[in-house]
Amino acid sequence: MERSVISKGKTVEQAVDRALALLEASKQDVSIEIIDEENKGVLGFNARPAVVKVTLVREYNGTPSNTNNHPNYAAADNRTATGTEVLERPLPLSDTDGIFSETATASAVHESELRTTGWMKETVLPTEDEVNKVGNRQPDTAAAEASFAQGQTDDLYAFAVDTSELQGKVWVADNRIQVKTFPGGALPRLDAFKSGDVLINGEPLLAGQTAQVSEQDVIEVVLTEELREPVWEIQIDPDAMTVRLQVEPGSHIRRYLLDSPPESRLMLRVTNYKTLLPIEARAVQEQLNKLEVSYGLDKQALQLACETAEAGIFVIASGRLPVPGTDGSFEFKTDTQARKVQPKLRDDGTIDYRETREFPAVDEGDIIGVVLPAEPGTDGIDIYGRTVPAPPVRNVQIIPGKDVQLSADRLSAIALRAGMPSQTKQSYNIKLSIVPKLMHGGDVNLGTGNIHFLGDVEISGAVQDTMQVEAEGNIHIRSNVNMAQIIAGQSLIVNANVISSRIVVGQMYLFYGQIAPMLTYMEEQTELLKAAVRQVSSASAFKLSDVDNVGLAPLFQVLFQGRFRWMHDHMDRMQKVAEQYKSVLSEDWTRYFKEIQRGFLTEGSSHFRTADDLEGFMRRTRYLYSVVVLPAMEQIFSRFHFVQNSTIRCGGDIVIEKGSYNSHVHCEGRLQAGGALRGGTYYAGHSMTVEEAGSPGTGTTLLHVAEGGYVRVKHVLAGTTLRIGERIHQFVEDRDHVFARVNRDQHFVWHEE
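Residues numbered from 1 in each chain as written. Predicted model: local features only at pLDDT ≥ 70, side-chain atom pairs only at ≥ 80, totals over all residues. Heavy atoms only, no water.

## What about the pattern of salt bridges?
All chains considered together, the criterion is met by 21 salt bridges. Lysine 530 is paired through a salt bridge with glutamate 527; the nearest N and O atoms lie 3.6 Å apart. Here lysine 530 and its partner glutamate 527 are both found in helix 7 (residues 507–538), three residues apart, which amounts to about one turn of the helix. Looking at lysine 530, the relative accessible area reads 10%, which means it is buried. Looking at glutamate 527, the relative accessible area reads 36%, which means it is partly exposed. Here arginine 534 makes a salt bridge to aspartate 612, at a shortest N to O gap of 3.2 Å. Taken together, the residues span a long stretch of sequence, with arginine 534 in helix 7 and aspartate 612 in helix 12 (residues 611–628) at a distance of 78 residues. Looking at arginine 534, the relative accessible area reads 42%, which means it is partly exposed. (Salt bridge = Lys/Arg side-chain N within 4 Å of Asp/Glu carboxyl O. Helix = DSSP H or I, 4+ residues; strand = E, 2+ residues; numbered from the N terminus. Buried < 20%, exposed > 50% of the residue type's maximum accessible area, 1.4 Å probe, protein only.)

Dropping the structure here:
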């Protein structure tokens, strides 16, 4: 009998070698027919293996020349003594077949020979583990295939089939459908798993259909592959400090028939094998080179991104951010602000909460502070390898003021007399001065005269009728203030009562509180006025004949009568505020208000000649606004024991320990009253916290806070008026635990406490 093998391989030589190994023959014993040459395809796609047919032509005693020593052929000599099975035709070769044996039609084959030349296949799987995943094959079959993949072809002959159990059955082995029938017996049935995937004699078997099959049928299974190429994109941040790789991994899905035992009716089952198609790191690297990315590449992160199984965005390169430096500064070696201290213990064991602040001081020759030089930062590098400069740093400059001297290296400031150190900071310039402190023993009366002092004042007694105490620094009065006038530049503490007196604390901060919104409005309107001047000046019908003498005054006169009339009224109000605080205004403020008068308010003349002149005025307005919006210093505060029939104005916080009667109190910060506020008006720029408010009799009490503030009162009497911003509410009955504010819709919001 003629024996032949059809074999596949990547090349013709490989396919021939596989067939020779299966036949256990040499090339001198066989004839070779090349059925199909190999095709490598393009980039690995549409590749086609080589297919050859190798036929054994030299036989000895009816058996192949090289099978005398094979144990499975021992039974071949006795095949006429046992039953025979007829294998009428071979099963067709599918796309995924490897190597199988072919026998001539109608040849008598002994059962043992059927085992020897049975349908063997090389499963194209990458590893031995993947080979074992395909179907429910017997362990010796999987081992045989793995052995064949390693060139150990002898193990292929371990596969055995008991043909007596296969009559009228169909089964799947090694990714191939096999059928065994016998004359007069029932034909096995085959169920499709998907329409069109199974072809019987070229006709598709639809899903849900059942077909009878025999050994003569040509059964083909179309197992499609799905190939999805990986997709990637390089993303570079606008600041060129980070490179990200957005990836969507590719995949190659191959499908295999699952092995099934012989059945009279078989439902085909398919398994999928998915192979990840990673991104080529080399291709990404080439693109990075084209984009000129030369710094900060993380090769490990790049490799992980290319091999990821999940879509995502990965940082694959990072620049080095610049490290900011530190600006120079001035470090004080002593306090410069009034500091809080622990309350003092009285002789009777009670705690005096009125003594909770102390004024700082230095002695002659003390070092006030030292200059700390600027420390430059470290430059960074972006992903293009370019230097990213660190932010520039600046050193401070100390300007010695009154009673302050600098060391030879100008890095230390030394006090020339005892007093309180004071600083004025503008940008990176710091002016240091020593404010002296005046200690006054006893009362201030007609015998001592009024006190006017540039520094701090401490009075151990009282300030009597009609007397005046004025200081640019802090004032501390340990007894009563009766029918007197007190003006403190920074803070005021009165340990006793204030009766029928006028108090002003932190005048400059009071001025700031009033002028700040005016400056904002002035800047906005000047910007619009500048635009109007440019527009009118460019019109052909407009011409100022005497601009060198009168400036823009004629044009202002027209505009102020039209849509800028409110600006003119606003500047009049600013001039009135300046007049009220002229005694405390610096030269910058005085010059600014004179410019408003000469530029806008002088009839028939203006020193502004062009719109560019208005731009300069706007710059000065913005500068002064930057001064007034600085946060209030902590030492701007007032503290009183009790207030009656007095007027008090403070640029910071006010604390009234026992309450107030029929007084007018105004503060730009917080107002806190430990007792009752009965009669009068009380204003706070930030908030108000009161124990009790209102008058039992006919007097009226007004509690007023600025818009955005709040009022908290433990007990409010009927008739008390509450005002927050422009919203007013009057209590018609007593009420406890009031906490009120105004929302964005200008409605009162009441909170229960």
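What follows continues from the structure just given.
## Side note on the nonpolar core
Grouped together as the largest cluster of nonpolar side chains are 47 residues, with contacts concentrated most on Leu492 and Phe640. For this core, the element with the highest residue contribution is strand 52 (residues 670–684), accounting for five residues. Beyond its immediate chain neighbours, meaning those up to four positions away, phenylalanine 640 contacts Leu492, Val494, Ala496, Val498, Ile503, Ile648, Ile654, Val655, Ile656 and Glu657. The next biggest cluster of nonpolar side chains, apart from the first, holds 41 residues, and it includes Tyr509, Phe564, Phe593 and Leu624. (Core = buried A, V, L, I, M, F, W, Y, C linked by side-chain atoms within 4.5 Å. Contact = heavy atoms within 4.5 Å.)

## Quick look at the packing of helix 5 (residues 281–290) against helix 6 (residues 299–307)
Relative orientation of the contacting elements helix 5 and helix 6 amounts to 125°, with a least axis distance of 10 Å. Accordingly, the angle class assigned to the pair helix 5 and helix 6 is oblique. Handedness of the crossing formed by helix 5 with helix 6: right-handed. Here Ala281, Val284 and Gln285 of helix 5 lie close against helix 6, whose contacting residues are Leu302, Gln303 and Cys306. For the contact of helix 5 with helix 6, the class distribution of residues is four nonpolar, two polar and no charged. (Axes fitted to C-alpha atoms, helices over the stretch in contact; angles between N-to-C directions. Parallel < 35°, antiparallel > 145°, perpendicular 65-115°, else oblique. Left-handed = near helix turned anticlockwise from the far one by under 90°. Nonpolar A, V, L, I, M, F, W, Y, C, P; charged D, E, K, R; others polar.)

## Some details on the environment of phenylalanine 564
Mapped onto the elements of the fold, phenylalanine 564 is located in the loop between helix 9 (553–560) and helix 10 (565–580). When its relative accessible area of 1% is taken as the criterion, phenylalanine 564 is described as buried. Put simply, phenylalanine 564 and leucine 528 are 36 residues apart on the chain and 9.1 Å apart in space, counted from C-alpha to C-alpha. Dropping the residues within four chain positions of it, phenylalanine 564 is found in contact with Gln525, Leu528, Leu529, Ala532 and Leu559.

## Structural notes on the packing of helix 7 against helix 9
How two helices sit against one another is set out by the angle between their axes and by the gap between those axes. Orientation of helix 7 relative to helix 9, taken along the N-to-C sense of each, is 115°, at an axis distance of 11 Å. As for the relative orientation of helix 7 and helix 9, their crossing is right-handed in sense. Two secondary-structure elements touch here, helix 7 through Leu529, Ala532, Val533 and Val536 and helix 9 through Leu555, Phe556 and Leu559. Residues of the contact of helix 7 with helix 9, tallied by class, amount to seven nonpolar, no polar and no charged.

## Brief notes about the pairing of strand 9 (residues 169–173)
When you tally the buried positions in strand 9, you get four out of five residues, the bulk of the element. Alignment of strand 9 against strand 10 (residues 176–180), held across five bridges, turns out to be antiparallel. What sits directly across from tryptophan 171, in strand 10, is glutamine 178. Counted along the chain from strand 9 to the antiparallel partner strand 10, the turn is two residues long, and its residue aspartate 174 has a positive phi close to 55°. As defined by bridge partners, strand 9 adjoins strand 20 (residues 260–263) across two bridges and the pair is classed as antiparallel. Each residue of the ladder has a partner; that of valine 172, found in strand 20, is serine 260. (Pairing = 2+ DSSP bridges.)

## What to know about the packing of aromatic side chains
On inspection of all chains with the given rule, the structure shows 18 aromatic pairs. With 4.9 Å between their ring centres and 90° between their planes, phenylalanine 511 and tryptophan 589 make a pair best called edge-to-face. With phenylalanine 511 in helix 7 and tryptophan 589 in helix 11 (residues 587–601), the pair connects residues that are 78 residues apart, well separated along the chain. By relative accessible area, phenylalanine 511 is classed as buried at 0%. Residues tyrosine 592 and phenylalanine 617 carry aromatic rings whose centres are separated by 5.4 Å and whose planes lie at 5° to one another, so their mutual orientation is stacked. One end of the pair, tyrosine 592, is in helix 11; the other, phenylalanine 617, is in helix 12, with 25 residues separating them in the sequence. By relative accessible area, which is 2% here, tyrosine 592 ends up buried. Members of the aromatic cluster, joined through ring pairs, are Phe511, Tyr512, Phe556, Phe560, Tyr581, Trp589, Tyr592, Phe593, Phe600, Phe608 and Phe617. In this arrangement the basic side chain of arginine 735 is found over the ring face of tryptophan 750, its NZ or CZ atom lying 4.8 Å from the centre. (Phe/Tyr/Trp six-rings, centres within 6.5 Å; stacked < 30°, edge-to-face > 60°. Lys NZ or Arg CZ within 6 Å of the ring centre and 35° of its normal.)

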